[in-house]
Structures are given as C-alpha cells and as structure tokens.
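# Analysis of the macromolecular model
Next come the chains, spelled out residue by residue.
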Amino acid sequence: METKEKTRFKHLEKWESTLSACIRCGYCFEHCPMFKYTGWESDAPRAKIITAFGLLSGELEPTKMAADKIFNCFYCKRCEAACSSGVTLTEVFTDAKKDLVEMGLKGPGTTSVTYMNCARCLVCVKACPHEARFHGEDGIETDPVKCQACGICVEVCPAGAAKIENNFGTGREDLITESSRFLSTHTSAKAIVFACNWSYFPDLQASRLPESETHDKDYEIYVNMCAGRLESQLLMAPFLNKAWGVLVAACPEDECQHKNGNTRAKKMIQGMQSTLERVNIDPARLQVVEIPAGDKTLFQAEIDTFIDRLNSMGPIR
Amino acid sequence: MIHQKGIPMKSVDESKLREIFGDNNVKTDPSDLYAFGSDSSVHHAMPWAVVRPDTTGQVQKLMAYANDALIPVIPRGGGSGMCGQTVPIHGGIILDMKRMNRILEINLPDVYCRVEPGVVDDDLNLALKPHGMFYPPTPASSRIATIGGEIANNASGVRSVKYGATRDAVLGMKVVMPNGDLVTLGAHTRVEASGYQLHKLMVGSEGTLGIVVEATLNFVPIPEYRCMGIANFDHLSHAGGAIGAIMASGAIPSMLELVDSVAIKAVNKTMNLGLKEVAASLIFEADGMVKEAVDYEINKMKEICTKHHGSDIKTSYDPKERAKIFMGRKKLFPALSKYDDSLSSTSLADDMAVPYSKMAEMAGKIHEVAKKNNIIMTAYGHCGSGCMHTKILMDTNREDQWASAKKAITEIYEYVRSVNGTTSAEHGIGLSKAESFKVEKADSLKLLQTIKQALDPNNILNPGKLMQAPEDWVTATGLRYAVHN
C-alpha cells in the first residue's frame with residue numbers, strides 16, 4: 001500500500017480528515033450552478049473536493065487548470081445543504097484558494113474585476129457585503145479569496161466599471177438571451193420568473209424533456225446568484241419580447257446570503273413599477289415575492305397566483 | 001489481453017476524439033482526468049481522456065476507433081457507483097453519458113417510456129409525476145444516478161420489495177456493441193419470448209458488454225394511499241422472525257427496513273433524534289389504490305410484529321408522521337459520516353443479500369466480526385428484498401485499519417455464501433467485491449468469460465472488472481485516502 005507524500009498546502013492541511021469523510025456520493029451535483037452550466041462532472045463540487053485531495057496529497061500538480069477548478073465557484077453553498085456527510089465544502093475551497101493565491105495561482109473564477117472606466121468613487125467598496133473590494137496600489141481591487149461573486153458591485157457601479165469575470169450563464173446578457181428564446185419559441189409563454197439561487201431549489205435540471213411535455217409551458221424560471229444583482233435592463237427585456245409579466249423571487253427580509261441584495265432588488269422593482277404605471281402598464285405585471293430558502297411549495301404557489309393574475313389581465317396592449 | 005498491469009500505456013489520438021466529439025466535449029487535462037478517476041468507492045485510477053457524446057453515432061464512431069486501436073472505454077453515468085465500476089483500472093477513455101439525457105417519449109397508453117442513458121432517475125420521476133406514474137427501482141442515489149448506470153448495475157432501492165429491481169422495469173434497449181455496431185434488444189411489450197433475453201444480459205453487466213444508448217422502461221401508477229409503521233425489538237432474532245413471517249404472510253410490503261442498534265446509536269449521537277436504543281427496529285409500509293386493502297396489509301404486518309415481541313408499534317397515513325417514522329433511517333447515512341471525526345464511513349461489503357430467515361443472524365454476524373477486528377460496522381437494509389447494507393467506520397489514514405477491514409470483509413462474505421446469500425444485492429461488483437464474487441460464481445466464471453470474449457473479443461469495454469478484477473481489492477488501484485504507515 002502506498003503512503004502518499006504531502007505537498008505544502010498549509011491552509012488546506014487542516015481539512016485532511018474532512019476530505020476522507022466526504023463519501024463522494026455526488027449528491028452535491030444537481031444543486032451546483034457550475035455543473036448545471038458546463039455539464040462537466042469535473043466542475044461539480046465533488047470534483048473540487050477530489051481536486052483538493054489531489055493537491056494536498058501531491059497526486060495532482062498545482063497548475064492553473066487545477067486552480068481554476070477551485071476558483072470557479074459561486075459560493076451558493078447548495079452543495080453544503082445537500083451534503084450527506086456534513087462537509088462544509090466552501091470552507092475547504094476557501095482554504096485551498098488561500099494556498100493557491102500564495103503560490104501565485106490566482107484563478108479568475110467568478111470574482112469581480114474593475115475596468116479602466118472606474119472613477120474610484122468607492123461605492124462598490126462600501127456596498128460589497130463580503131469586504132472583498134478595496135483601494136489598492138492599482139486602484140480598486142478584489143480579493144479573490146473573499147469575493148463570492150454576488151454581483152452587487154456590478155449593480156451599484158455608476159460607471160459600469162465593475163464586471164463579474166466569469167458569469168457561467170448567470171449574467172445579464174445570458175439571461176436576456178435565454179428568456180427571449182423561451183418567449184419566442186413557446187406560443188403559450190406568458191411570464192418570466194427570475195429567482196435568486198436561494199429562492200429556487202431547482203428540481204428537474206439535468207435531463208431534457210420531450211417536446212410534447214414542454215410545448216405548452218406558460219412560464220420559465222431563470223436563476224442568478226442574488227436578487228441584488230438584477231438590473232432594470234434585464235427585468236424590462238421580457239416585456240419587449242411580449243411577456244405578459246415578470247416575477248422576481250428573493251430571500252425574505254434579513255435572510256439574504258449577501259446581506260442586503262434582497263432589499264436592493266425590492267427598492268429597484270418599486271421604482272420600476274412606478275415607471276410602468278407612467279406608461280399605462282399595470283405595475284402588478286412586475287412583482288417581487290419573498291421565498292425562504294428551499295420552500296418549493298410556496299414558490300410554486302406564488303408562481304401559480306401570478307399566472308392566474310396575468311390570465312385575468314391578458315396580454316399587454 | 002492488452003490491458004494487464006505492467007503493459008505500457010497506450011496513447012490516445014486526441015485529434016480523433018476532437019473530430020468525433022468537438023473540442024468542447026473532450027477533456028485531457030490532468031485536473032479533469034483526476035476528478036474522473038474516482039466514483040463513490042474507495043478506488044482511484046487515472047483515465048487517459050474523457051469524452052461526452054451527444055448522439056448514438058458518436059458512440060459508434062468512438063467504439064469503432066477504440067476497438068481498432070485497442071483502447072479501453074469505460075462508460076460512466078453519475079459516478080455514484082460504490083464498488084469502483086467506473087474507475088479506469090487500466091486507463092483508457094471515460095465515456096461520460098450525462099449529455100445523452102433526453103426523455104424521448106412518455107407513452108401512457110402503452111405504459112412505457114423511452115429514455116437516453118444519461119437521464120437522471122429523479123428527473124424521470126418528475127416527468128412521470130404529472131401523469132400519476134413513477135419509475136419504481138429508485139435507488140437511494142436517485143438524485144444523481146442515471147438510467148444507464150442503474151441498468152449497468154441492476155440498481156434497486158427501498159421499494160424494490162414490491163416493485164422489483166431495474167431488471168424488472170427494463171423492456172428493451174438499443175446498445176452500441178464494442179465494435180461500433182448498433183443493436184436493438186428486447187421489445188416495447190410487457191412480455192417477450194422471442195429468443196435469448198439479451199437486454200436482460202446487459203442489465204448488471206457493469207459496462208463490460210455494450211453501451212446502452214436508449215432504454216425502454218416500464219412505469220407504474222403512484223399509489224393513492226401509503227401507510228408506514230415502526231416496531232422496536234429487544235432481540236435481533238425477534239426482528240428476524242418478524243421479517244420472515246411478514247414476507248410469507250401474503251401481505252406485500254412496499255417497504256420493509258431493518259435498522260440495528262449501532263445504527264440507532266449513531267443517529268442518536270449525531271442527530272440527537274432521541275430514538276429508543278433497542279436491538280433493532282423494523283420500518284414497514286403498505287401502499288395501494290384502495291384504503292381498505294392498505295389497511296388490511298398494514299394490520300397484518302402490525303399483528304406479525306406484535307406476535308414476534310415487537311413493541312412501541314405505531315402506524316400512520318399522515319405524510320408528516322411518516323416522515324418522522326422514517327427519519328432515523330433517512331438520517332443514517334449522514335449520521336455514520338459524522339459518527340466520529342477520526343473515522344470515515346467506507347462502502348465495502350455494503351450490500352450483500354441473504355435469505356429472509358437469515359437477515360437477523362446476518363446482522364448479529366456483522367456485529368461479531370466488527371468487534372473481533374476492532375472496527376465499527378452497522379447493519380441496516382431493505383430486509384424485505386433480502387438486502388443487508390453495512391458501512392465500515394474506520395480511520396482510513398491508518399494502514400492497519402485497512403488490513404482489519406479486509407479481514408472482516410472476507411469473514412462476512414464467507415458467512416453470506418455459507419447461508420446461500422449473494423455478494424451484491426444492488427450495488428454491483430466492480431473492483432471492491434470481486435474477491436467474494438469469484439468464489440461465489442466459481443463454477444460459472446468460465447462461462448462469464450466466454451460471454452465477455454464473444455461480445456468483446458478485444459476486451460476494450462471496462463476491462464478489469466467483475467471476473468477480470470484483481471483478487472486483492474485493497475491493492476487493485478490507488479486508494480482515494482491518504483494512507484500512512
């Protein structure tokens with residue numbers, strides 16, 4: 001039997017027994033937005049645990065590709081909620097990231113970056129719920145270990161200088177494209193539902209249904225990492241594609257995983273409802289509802305109520 | 001034979017793979033290969049490449065190339081196998097089937113559905129639910145297990161006592177053979193007597209005979225009524241007597257689970273559930289479309305438990321009460337993982353089947369062997385289908401614990417075979433269970449190898465598994481733990 005030699009991963013080292021305790025059942029897969037986006041098992045949380053073990057044991061070289069595996073994470077913690085062994089996966093990832101950063105292997109991951117048009121107003125620094133943004137030698141910088149890619153900096157930046165490095169399908173343009181495609185390909189389509197990752201616990205996500213089962217769908221759900229990241233341009237896009245209404249699901253008061261993303265979303269939607277009213281569109285066509293994490297029953301009930309209301313209103317004329 | 005240890009590694013023509021699958025569906029970086037070297041077992045070995053087919057044609061092209069170039073191909077579903085079935089012991093190409101995940105047809109009048117192998121079990125059930133139907137095998141890993149993987153391992157679960165295993169639900173399939181040929185096996189009908197039942201041969205073949213690219217599956221109606229009950233027993237033998245009596249009574253439980261004292265203690269310790277710490281508990285369930293019929297069956301099971309000295313017996317139709325009754329069993333998996341920070345829960349010798357009359361004796365044997373070898377083992381399982389699960393809790397970093405585990409497992413399998421039991425009930429053989437499998441099937445090993453040789457003459461499909469697996473599972477591959485002297 002081989003005894004494996006360890007390399008120096010001083011932050012990761014303390015998780016050695018945890019890496020053994022993970023029974024590698026894979027129950028974390030279905031909940032991972034990264035797996036949902038790439039479809040590659042090697043991007044899913046279990047693979048990150050396996051990668052961490054490989055790095056710690058010295059079986060896997062600490063390369064850029066290996067580092068990317070660890071850095072590409074939204075910190076939604078769905079994997080932890082689903083873990084049958086009670087492993088705090090994101091804490092393991094954070095310590096692995098610390099070691100990798102010290103080795104100069106900073107992966108781009110899902111972190112926020114700042115472009116040339118930054119006015120250094122520090123609004124994003126103040127708004128960041130994870131204290132990941134700071135004024136460094138090169139202007140506004142992001143700590144890649146602390147950043148959890150909620151995207152609130154993007155929403156608050158008045159200059160459009162803050163960007164998420166890799167959206168992995170959850171960015172504004174991705175969601176506009178996908179929701180437009182749904183509205184244009186489903187004759188019975190009425191509504192688009194934008195849900196934060198905690199409000200909606202996706203059921204069917206890996207497999208594809210036959211056309212006969214989906215052609216009469218009247219709504220589609222799209223998930224992003226935080227309601228605080230929703231922008232007015234994204235919420236208005238479905239109306240331009242003949243949607244009857246848009247529903248937003250956010251965490252209840254004081255339950256936002258990114259401190260105040262939910263309240264930001266609610267304020268913005270209130271403002272947009274006023275705008276809709278001014279152009280003679282019923283503001284009830286844009287609604288925000290509070291869904292506690294994983295409450296599928298309430299989520300479905302809110303969608304059904306919203307669709308009923310839209311049916312009574314009819315299409316926008 | 002080209003894939004034995006010591007033979008130089010064959011190289012893969014990466015450009016050929018990219019030509020067949022496109023750049024986005026081929027992985028060759030070590031960081032990806034390392035992740036695909038594991039499943040839910042104790043084993044690890046590096047593949048040479050991973051590819052993701054989207055069409056049957058791509059699978060055919062790959063097999064034609066691999067058969068010609070003599071490269072091992074290992075089909076893989078959710079990677080939830082617990083015995084190393086998808087660990088590439090001799091390297092080769094991992095064929096990740098998760099992208100072929102279309103539910104092709106739900107045919108209600110003919111009561112079958114057609115699916116691609118990458119469809120996830122729970123997803124299929126979600127699609128069937130609006131029609132009032134479900135796909136019954138449902139292993140515990142149904143949230144990630146794919147239909148292809150379930151077919152490869154003849155998966156089953158808590159309700160298999162009434163509804164059967166995967167083999168009972170499979171009506172037919174399309175299979176790509178090792179040389180790239182596509183064949184249609186079985187039928188779309190409930191019964192078939194048209195020659196060899198080759199689709200059934202594929203069930204449980206662990207990816208060694210062909211690659212399932214489409215399956216036709218039977219489904220059943222979701223019952224209107226479910227009633228669950230629990231009974232505690234002060235002696236394992238009393239619980240054992242109740243199991244046999246229930247199964248022989250004419251009542252058909254939709255679930256009959258045994259949980260032993262070690263399991264109850266583990267759940268209480270880590271989850272603080274406050275369950276009564278008895279020698280064993282039986283959880284039983286009846287379901288059906290007519291309440292009177294369910295009443296009849298559940299009452300019969302209650303009577304039998306009482307007769308066999310069961311105590312604290314309660315039953316309920318209420319979903320919340322049912323969830324409470326099942327909580328101890330449901331929380332067992334995480335409870336064992338959290339039992340002790342220095343111990344890991346390993347899947348070894350974890351799903352043997354024995355005759356009903358031996359279930360309780362088997363649990364006692366597990367306790368005896370664990371004590372003798374200074375490891376912790378628990379006994380629980382789907383006793384209604386004769387399946388006993390165990391988990392070995394041990395310090396996986398200590399080499400001596402592996403030696404103890406190996407000794408304990410050998411003793412347990414000797415007992416299983418001595419009472420006409422079988423090595424695996426629902427997880428398959430892979431690498432971890434090959435030692436006992438070979439002893440159990442000694443007089444048919446040659447026949448198995450003849451079938452393998454006839455269908456896969458170049459031995460490229462998942463070589464080194466089942467009857468080809470090494471005798472010693474501990475050294476068969478690298479272990480996925482940091483083992484110290």
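Residues numbered from 1 in each chain as written. Chains lettered and ligands numbered in written order. Predicted model: local features only at pLDDT ≥ 70, side-chain atom pairs only at ≥ 80, totals over all residues. Heavy atoms only, no water.

### Points about the nonpolar core
As a reminder, the rule being used: In these notes, a set of buried Ala, Val, Leu, Ile, Met, Phe, Trp, Tyr and Cys residues joined through side-chain atoms within 4.5 Å is what counts as a nonpolar core. Burial status follows relative accessibility: with a 1.4 Å probe on protein chains alone, a residue under 20% of its type maximum counts as buried, one over 50% as exposed, and anything between as partly exposed. Secondary structure is summarised from DSSP: a helix means a run of H or I of at least four residues, a strand means a run of E of at least two, and numbering begins at the N terminus for each.
Counting residues in each nonpolar core, the largest one holds 52 residues, and the members touching the most others are B:Leu258, B:Leu282, B:Met362, B:Met388 and B:Trp402. Of all the elements, helix 15 (residues 399-418) of chain B adds the most residues to this core, at eight residues.

### Examining the pairing of strand 13 (residues 225-233) of chain B
In summary, the side chains of a regular strand alternate between the two faces of the sheet. All names here are of chain B. For the record, the criterion: Paired strands are those between which DSSP finds at least two bridges.
Burial analysis of strand 13 places eight of its nine residues in the buried class, which makes it a mostly covered element. Bridge analysis of strand 13 against strand 15 (residues 280-288) gives nine bridges, and the strand direction is antiparallel. The residue of strand 15 that forms the bridge with alanine 231 is leucine 282.

### Points about the interface of chain B and chain A
Counted only if it meets this: Note on definitions: a residue-residue contact is assigned when non-hydrogen atoms from the two residues lie within 4.5 Å. As used here, buried area is the combined drop in accessible area, with a 1.4 Å probe, of two parts when they are placed together. Definition used for salt bridges: Asp or Glu carboxyl oxygen within 4 Å of a side-chain nitrogen of Lys or Arg. Whenever a nitrogen or oxygen atom comes within 3.5 Å of another N or O atom, the pair is scored as a polar contact, on the condition that within protein one atom can donate a hydrogen and the other can accept it, and that pairs from neighbouring residues in sequence are kept only if both atoms are in side chains.
The interface of chain B with chain A comprises 60 residues on the first partner and 48 residues on the second. Between chain B and chain A lies a buried interface of about 4500 Å² when both sides are counted; carbon and sulfur atoms form 54% of it. The tally of links from chain B across to chain A stands at four salt bridges. Across the salt bridge formed by A:Glu41 and B:Arg76, the nearest N and O atoms sit 2.4 Å from each other. The interface formed by chain B and chain A holds 25 residue pairs in polar contact (both at pLDDT 80 or more) in total. Residue assignment for the side of chain B that touches chain A shows that the elements contributing at least two residues are strand 1 (26-27), helix 2 (30-35), strand 6 (103-107), helix 4 (121-128), helix 13 (332-337), strand 17 (344-346) and helix 15 of chain B.

### Describing the sheet that holds strand 1 of chain B
Think of a sheet as strands paired side by side through backbone hydrogen bonds, with each pair either parallel or antiparallel. Residues and elements named next belong to chain B. Heads up, the rule is: The angle between two axes is taken between their N-to-C directions and runs from 0 to 180 degrees, where each axis is a line fitted to C-alpha atoms and a helix contributes only its stretch in contact.
Strands sit in the order 1-3-5-4 across an open sheet of four strands; the sheet is mixed. Every interior strand has two partners, whereas the edge strands, strand 1 and strand 4 (73-76), have only one. Both strand 4 and strand 5 (residues 93-96) contribute to a ladder of four bridges, which runs parallel. Paired with proline 75 across the bridge in strand 5 is leucine 95. Relative to strand 5, helix 3 (residues 56-69) is tilted by about 165°, and along the sheet it contacts strand 3 (49-51), strand 4 and strand 5.

### What about the domain arrangement of chain B?
All names here are of chain B. Selection criterion: Domain delimitation in this document rests on an assignment produced automatically or drawn from a domain database. Throughout this entry, Asp, Glu, Lys and Arg are counted as charged residues, while Ala, Val, Leu, Ile, Met, Phe, Trp, Tyr, Cys and Pro are counted as nonpolar. The remaining residues, Gly among them, count as polar.
Considered domain by domain, chain B is made up of domain 1 (100-221) and domain 2 (225-335). Across the contact, six residues belong to domain 1 and 11 residues belong to domain 2. Here domain 1 meets domain 2 over a buried area of about 770 Å², counting both sides, of which 56% is carbon and sulfur. Contact with domain 2 buries surface across domain 1, with Val158, Arg159 and Lys162 losing the most and accounting together for 65% of the total. Taken together, domain 1 and domain 2 are joined by two salt bridges. Across the pair glutamate 285 and arginine 159 runs a salt bridge whose closest N-O atoms are separated by 3.0 Å. Residue contributions to the side of domain 1 that touches domain 2 peak at three residues, all from helix 6 (residues 160-163). Considered class by class, the residues forming the side of domain 1 that touches domain 2 number four nonpolar, no polar and two charged.

### Regarding helix 13 (residues 296-313) of chain A
Three or four residues apart is the spacing at which side chains of an α-helix point the same way, because the helix has 3.6 residues per turn. All names here are of chain A. For clarity, the cut-off: Expected span of a helix: the number of residues minus one, times 1.5 Å.
The end-to-end C-alpha distance of helix 13 is 26 Å, a good match for the 26 Å that 18 residues give at a rise of 1.5 Å each. The inward-facing, buried residues of helix 13 contact strand 5 (191-196), strand 6 (219-224), strand 7 (245-250) and strand 8 (286-290). Just past helix 13, the residue glycine 314 takes up positive phi, approximately 80°.

### A look at the pattern of salt bridges
Enumeration according to the criterion identifies 47 salt bridges over all chains in this entry. A salt bridge links A:Arg172 to A:Glu231; the nearest nitrogen and oxygen atoms lie 2.8 Å apart. Of this pair, A:Arg172 sits in helix 9 (residues 172-185) while A:Glu231 sits in the loop between strand 6 and helix 11 (232-240); the two residues are 59 residues apart in sequence, bridging distant segments of the chain. By relative accessible area, A:Arg172 is classed as partly exposed at 29%. We classify A:Glu231 as buried; its relative accessible area is 16%. Among the salt bridges present, the one from B:Glu214 reaches B:Lys174, with a minimum N-O distance of 3.9 Å. Residue B:Glu214 is located in strand 11 (residues 211-218), and its partner B:Lys174 is located in strand 9 (residues 170-176); the two are separated by 40 residues in the primary sequence. For B:Glu214, a relative accessible area of 11% translates into the label buried. The class for B:Lys174 is partly exposed, based on a relative accessible area of 31%.

### Observations regarding a nonpolar patch on the surface
Residue and element names in this part refer to chain B. Here is the rule: The patch calculation keeps residues exceeding 30% relative accessible area without a salt bridge and links them within 9 Å when they carry like charges or within 5 Å when they are nonpolar (Val, Leu, Ile, Met, Phe, Trp, Tyr). Calculation of accessible area relied on Shrake-Rupley with a 1.4 Å probe; when residues are assessed, cover is drawn exclusively from the protein chains displayed.
Nonpolar side chains collect at one region of the surface, where Tyr196, Leu198 and Leu201 lie side by side and expose about 330 Å² of accessible area between them. Structurally, the position occupied by tyrosine 196 is in the loop between strand 10 (182-186) and helix 8 (198-202). Owing to a relative accessible area of 75%, tyrosine 196 belongs among the exposed residues under this scheme.

### A short note on the sheet that holds strand 5 of chain A
Residue and element names in this part refer to chain A. The four strands lie next to each other as 6-5-7-8, forming an open sheet whose pairing is parallel. Each having just a single partner strand, strand 6 and strand 8 make up the two edges of the open sheet. Here the strands of the sheet are splayed against their neighbours by 20° on average, with no regard to which way each runs. Alignment of strand 7 against strand 8, held across five bridges, turns out to be parallel. Each residue of the ladder has a partner; that of valine 246, found in strand 8, is leucine 286. Relative to strand 7, helix 11 is tilted by about 150°, and along the sheet it contacts strand 5, strand 7 and strand 8.

### Some thoughts on unusual backbone geometry
Negative phi characterises most residues that are not glycine, and trans characterises most peptide bonds. All names here are of chain A. The phi dihedral of arginine 24 falls on the positive side, at around 60°, and the residue is not glycine. Among the secondary structure elements, arginine 24 is positioned in the loop between helix 1 (16-21) and helix 2 (33-38). Classification of arginine 24 as buried rests on a relative accessible area of 2%. At aspartate 254, a position not held by glycine, the phi torsion is positive, near 65°. Within the element layout of this structure, aspartate 254 appears in the loop between strand 7 and helix 12 (261-278). Under the relative-accessibility criterion, aspartate 254 is labelled exposed at 73%.

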